[in-house]
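What follows is each chain in one-letter form.
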Amino acid sequence: MKTIASTLTLLAITGVAGAASAHGFAEPPDGPSIARPGYDGQREAELAREEAPEGWTPRSSVRIHTGPTLRISSHEPDGGLYAAFDIGQRAAGVRLSGVWVRVGADRGLQQYGGELWLDFGAGHRLHPILGAGAAVARVDALDAAGEHAASTIGVGTLRGTLEYVLPIRDADARAGLDVIGTVPAIRGASATDGAPWLLVVATVGIGF
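Residues numbered from 1 in each chain as written. Predicted model: local features only at pLDDT ≥ 70, side-chain atom pairs only at ≥ 80, totals over all residues. Heavy atoms only, no water.

A. View of the side chain of Thr-203. Here Thr-203 is to be found in strand S8 (residues 197–207). The exposure class assigned to Thr-203 is buried, which follows from its relative accessible area of 5%. Residue contacts for Thr-203: discarding those within four places in its chain leaves His-65, Thr-66, Gly-67, Tyr-82, Arg-174, Ala-175, Gly-176 and Asp-178. (Helix = DSSP H or I, 4+ residues; strand = E, 2+ residues; numbered from the N terminus. Buried < 20%, exposed > 50% of the residue type's maximum accessible area, 1.4 Å probe, protein only. Contact = heavy atoms within 4.5 Å.)

The following block contains the structure:
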């Protein structure tokens, strides 16, 4: 009897020890994840951006555009410079712009304006944009006596633009083509030329 009791006691101790061992070392199936050594959250975010869909584009609140412009009017076409300053992050905003064509010469033009715009491609690489506003233009021309004269007029503007976000990492860089129609709306009696004109502009822009 003593031998049987000893054997049973030994078996019981062995079973308890085995259960304790299994409980101490078994990994629960849904246990909390353990942080990996060298884990870098910033790197993971960068990888997520790299794997972003093709339509993803960086956003900026302020953008500067500049490029050459061609003025098309009742006279021969003239070339000049265009610069614009956009404010707006999403689908609407404000643009301030300036145009300089043959400044100080016959048929010269200085034009400074502001407009409201709508972006029909917000969130994509291709941005069709429509803008409308007003500007002040200083136009150089020849008067009836053949003398050089300058007049200041108020004009209305309508702009159609197609911009493409360039595939430059972490930068809102854009190439654009603008067509701007300009119609004189307010002109004095001394204004020498009241015919409308068209501006065709090629721009490169960068956002901040």
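B. Looking closely at the nonpolar core. Ranked by size, the top nonpolar core spans 14 residues in total, and within it Leu-109, Ala-137 and Trp-197 carry the most contacts. Of all the secondary-structure elements, those providing two or more residues to this core are strand S2 (78–87), strand S3 (92–101), strand S5 (126–142), strand S6 (148–165) and S8. (Core = buried A, V, L, I, M, F, W, Y, C linked by side-chain atoms within 4.5 Å.)

C. The pairing of S8, seen in detail. Side-chain alternation along S8 places Trp-197, Leu-199, Val-201, Thr-203, Gly-205 and Gly-207 on a buried face and Leu-198, Val-200, Ala-202, Val-204 and Ile-206 on a face that remains uncovered. Two elements, strand S1 (residues 62–72) and S8, share 8 bridges in a ladder whose sense is antiparallel. Paired with Ile-72 across the strands is Leu-198, a residue of S8. Where strand S7 (residues 173–187) and S8 come together, 10 bridges link them in antiparallel fashion. In the strand pairing of S8, Ile-180 is matched with Leu-199. (Pairing = 2+ DSSP bridges.)

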